[in-house]
Amino acid sequence: MKEKVIGISGAGIGGLAAAIALRKLGKQVLVFEQAKQFARVGADINLTPNAVRALDGLGVGEALRETAARPGYRISRDGFTGEETSRLEMAEAAQQKYGAPQLTMHRADLMTALEGAVPAECIRLGKRTTGVQDLGDKVVVEFDDGTQETVDALIGADGIHSMVRNALLGQEKPQFTGVVAYRAVVPIEKLGNLPNLDSFTKWWGAVPEVQIVSFPLNRGKDLFIFATTPQEGWELESWTAPGEVGELREIYKDFHPEARALLDACDSVLKSALYVRDPLPTWHKGRMALLGDACHPMMPFMAQGAGQAIEDAVVLARCLADSRYADVPSAFTAYQSVRHERASRIQIASRGNAWLKEGGNGDWVYEYDAWAVPLA
Ligand code: FAD
């Protein structure tokens, strides 16, 4: 394909992964990010083997392993009795089976590794995309500062509130799910002799939306705690808004003592409402395509949002670099045909929220290899 510059709106996880993959495959990229600078926001990210393998192919896996933890097991427990209902061996076993382990880390460490793999001259910070025009042989991207850029194709990697998605497919707002999430990080030494602190553990309540998840961060020095519950009256979506520790403890007061001990150790907590959208019938039009949360935002219950964005990025880059596709629209058609079914299935299953509750076979999600999946 003769196209020269691929524009990417959004320098989040998916946008940066796409930039790295495209450059690796010989394409020029320009990434337009609304933020004026990169900042260390969020707390955790749980990357399952399918995501880690895709990141290894981008060449950032080694940097991630420097700060990440490798949970030994993925465990489900009954929230009240403490009975173990599922246990899947991760770490070395996942490495053997899927070619990569599960890695859990501070979200900012993932972003730092991705940012470091894209040359600064390829990233335009402080450029919020406000308009896009597909002129047939190129795309004009307009920004909030009144400037514009012309690119040969545009990838909308601009997250759940995607402007590019609205421009392509019409205005539609994400839906509040009625579920809120609390997040906290606790030094591991505060947790004494609690079991399974080196593993990913999910405590399931009476309804599946009521659950507590914990996993190690920062090479096992900290434990990340993530608790969800249905709750009306809080619709703020935020990575930084504080919640109340007392409220958190009250919600799970009937849980098993080992689960409550996790919450007792929290000094502070962040709180956010969870939003989703339904699967989209199409992710592309002409010279523009969507990836990640811009086209399939999902509930966090399978920990696949970032993983699916990274898989999209790799497959999209492979399609754009594959000489079998004569032009951008046919490369985008191939991208959708490879990715749509899997991402939509995971989007729906994440909302169904029964992933590895009982039984422990994660193969159909974890064994996917975005670098090897056939394109045609
Ligand atoms: P984003 O990461 O949201 O990036 C979008 C980027 O676009 C941002 O940098 C934004 O500033 C920029 N942008 C937006 N609008 C514009 C514009 N108009 N112009 C220019 N730039 C723009 N996933 C996992 O895999 N594992 C997990 O453990 C996990 N935990 C989660 C926990 C919670 C509570 C939530 C809410 C999500 C979680 N996810 C997880 C999901 C994951 O965070 C997202 O799926 C992932 O960030 C999607 O990446 P993205 O690049 O599509 O979007």
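Residues numbered from 1 in each chain as written. Predicted model: local features only at pLDDT ≥ 70, side-chain atom pairs only at ≥ 80, totals over all residues. Heavy atoms only, no water.

- The protein has the name Salicylate hydroxylase in an unreviewed UniProt entry, where Eoetvoesiella caeni is given as its organism.
- Database annotation for the protein, UniProt heading Cofactor (unreviewed entry): "FAD". (UniProt positions renumbered as here; feature names shortened; annotations may be inferred.)

Considering the overall build of the protein
Then comes step 1: When you go through the protein residue by residue, the secondary structure sums to 11 helices and 18 strands.
Then comes step 2: Burial analysis of the protein (376 residues in total) assigns 57% to the buried set.
Then comes step 3: Residue pairs in contact within the protein that sit at least 24 positions apart in sequence constitute 74% of those at least 6 positions apart.
Then comes step 4: Carbon and sulfur atoms make up 49% of the accessible area of the protein, which amounts to about 15,200 Å² in all.
Then comes step 5: Once the 40 positive and 48 negative side-chain charges of the protein are each reduced to a mean point, those two points are 3 Å apart. (Helix = DSSP H or I, 4+ residues; strand = E, 2+ residues; numbered from the N terminus. Buried < 20%, exposed > 50% of the residue type's maximum accessible area, 1.4 Å probe, protein only. Contact = heavy atoms within 4.5 Å. Areas by Shrake-Rupley, 256 points an atom, 1.4 Å probe, with all protein chains shown as cover. Lys, Arg positive; Asp, Glu negative; His and termini not counted. Charge placed at Lys NZ, Arg CZ, Asp CG, Glu CD.)

A closer look at the packing of aromatic side chains
Then comes step 1: Going through the model one piece at a time under the given rule, you end up with 11 aromatic pairs.
Then comes step 2: Residues phenylalanine 200 and phenylalanine 215 carry aromatic rings whose centres are separated by 5.8 Å and whose planes lie at 5° to one another, so their mutual orientation is stacked. Placement of phenylalanine 200 in strand β13 (residues 200-204) and of phenylalanine 215 in strand β14 (residues 211-217) is noted, with a sequence separation of 15 residues between them. When sorted by exposure, phenylalanine 200 lands in the same class as phenylalanine 215, which is buried.
Then comes step 3: Taking 5.9 Å as the distance between ring centres and 85° as the angle between the ring planes, the aromatic pair formed by tryptophan 355 and tyrosine 366 counts as edge-to-face. With tryptophan 355 in the loop between α10 (328-352) and α11 (363-366) and tyrosine 366 in helix α11, this pair connects stretches of sequence that are 11 residues apart.
Then comes step 4: Overall, the relative accessible area of 10% leaves tryptophan 355 in the buried class.
Then comes step 5: The residue whose ring lies beneath arginine 342 is tyrosine 368, and the NZ or CZ to ring-centre distance is 4.0 Å. (Phe/Tyr/Trp six-rings, centres within 6.5 Å; stacked < 30°, edge-to-face > 60°. Lys NZ or Arg CZ within 6 Å of the ring centre and 35° of its normal.)

Quick notes on the site of the ligand
Then comes step 1: In the neighbourhood of the ligand, 32 residues make up the surrounding shell, with Gly14, Glu33, Arg107, Asp293 and Ala306 lying closest.
Then comes step 2: Between an oxygen atom of the ligand and a main-chain N or O atom of glycine 305, the distance comes to 3.3 Å.
Then comes step 3: Look at the ligand: alone it shows 1,000 Å² of surface, and the protein chains cover 84% of it.
Then comes step 4: Where the shell around the ligand is concerned, the elements lending two or more residues are α1 (13-24), β3 (44-47) and α9 (305-321).
Then comes step 5: Along the lines of polarity and charge, the residues of the shell around the ligand split into 12 nonpolar, 13 polar and 7 charged. (Near = heavy atom within 4 Å. Polar contact = N/O pair within 3.5 Å; in protein donor to acceptor, adjacent residues only side chain to side chain. Nonpolar A, V, L, I, M, F, W, Y, C, P; charged D, E, K, R; others polar.)

Notes on the pattern of salt bridges
Then comes step 1: A complete count under the given rule lists 20 salt bridges for this structure.
Then comes step 2: Measuring nitrogen to oxygen at the nearest pair gives 2.7 Å for the salt bridge that ties glutamate 258 to arginine 77. A residue pair is termed long-range when its members are at least 10 positions apart, and glutamate 258 in helix α8 (residues 257-264) and arginine 77 in strand β4 (residues 73-78) qualify at 181 residues.
Then comes step 3: One network of salt bridges, in which partners are shared, links Glu311, Asp312, Arg339 and Arg342. (Salt bridge = Lys/Arg side-chain N within 4 Å of Asp/Glu carboxyl O.)

Here we look at empty space enclosed by the protein
Then comes step 1: Per the counting criterion, the structure on display carries 1 cavity of 30 Å³ or more.
Then comes step 2: Each pocket or cavity is described by its volume, and for the largest cavity that value is around 90 Å³.
Then comes step 3: Lining the largest cavity are Arg77, Leu194, Pro195, Asn196, Leu197, Thr201, Trp203, Ser214, Glu258 and Leu262.
Then comes step 4: Where the lining of the largest cavity is concerned, the elements lending two or more residues are β13 and α8.
Then comes step 5: In terms of residue class, the lining of the largest cavity is made up of 5 nonpolar, 3 polar and 2 charged. (1 Å grid on protein atoms, 1.4 Å probe; cavity = no way out; pocket = protein on both sides within 12 Å on 5 of 7 lines; lining within 4 Å. Points joined across faces, edges and corners; volume = space filled by probe spheres on them.)

A few points about the sheet that holds strand β1 (residues 5-9)
Then comes step 1: Spatially, the 6 strands line up as an open sheet ordered β7-β2-β1-β11-β18-β17, and their pairing is mixed. Both edges of this open sheet fall to β7 (123-124) and β17 (284-285), since each of them pairs with a single strand only.
Then comes step 2: Judged from the 2 bridges that link them, β17 and strand β18 (residues 288-290) form a sheet pairing that is antiparallel. Residue pairing in the sheet places lysine 285 in a bridge with methionine 288 of β18.
Then comes step 3: With respect to the sheet, α1 is in contact with β1, β2 (28-32), β7 and β11 (153-156), its orientation differing from that of β1 by roughly 165°. (Pairing = 2+ DSSP bridges. Axes fitted to C-alpha atoms, helices over the stretch in contact; angles between N-to-C directions.)

Here's the deal with the sheet that holds strand β16 (residues 270-276)
Then comes step 1: Strand order in the open sheet made by the 7 strands is β5-β4-β13-β14-β15-β12-β16, with mixed pairing throughout. Either end of the sheet is taken by a strand with one partner, and the two such strands are β5 (84-89) and β16. Strand-to-strand twist of the sheet, defined as the mean angle between neighbouring strand axes without regard to direction, takes the value 20°.
Then comes step 2: Across 4 bridges, the pairing between β13 and β14 is antiparallel. Among the inter-strand pairings, tryptophan 204 is bridged to a residue of β14, identified as glutamine 211.
Then comes step 3: Across the sheet, α8 touches β4, β13, β14 and β15 (222-230), and the angle it forms with β14 is around 65°.

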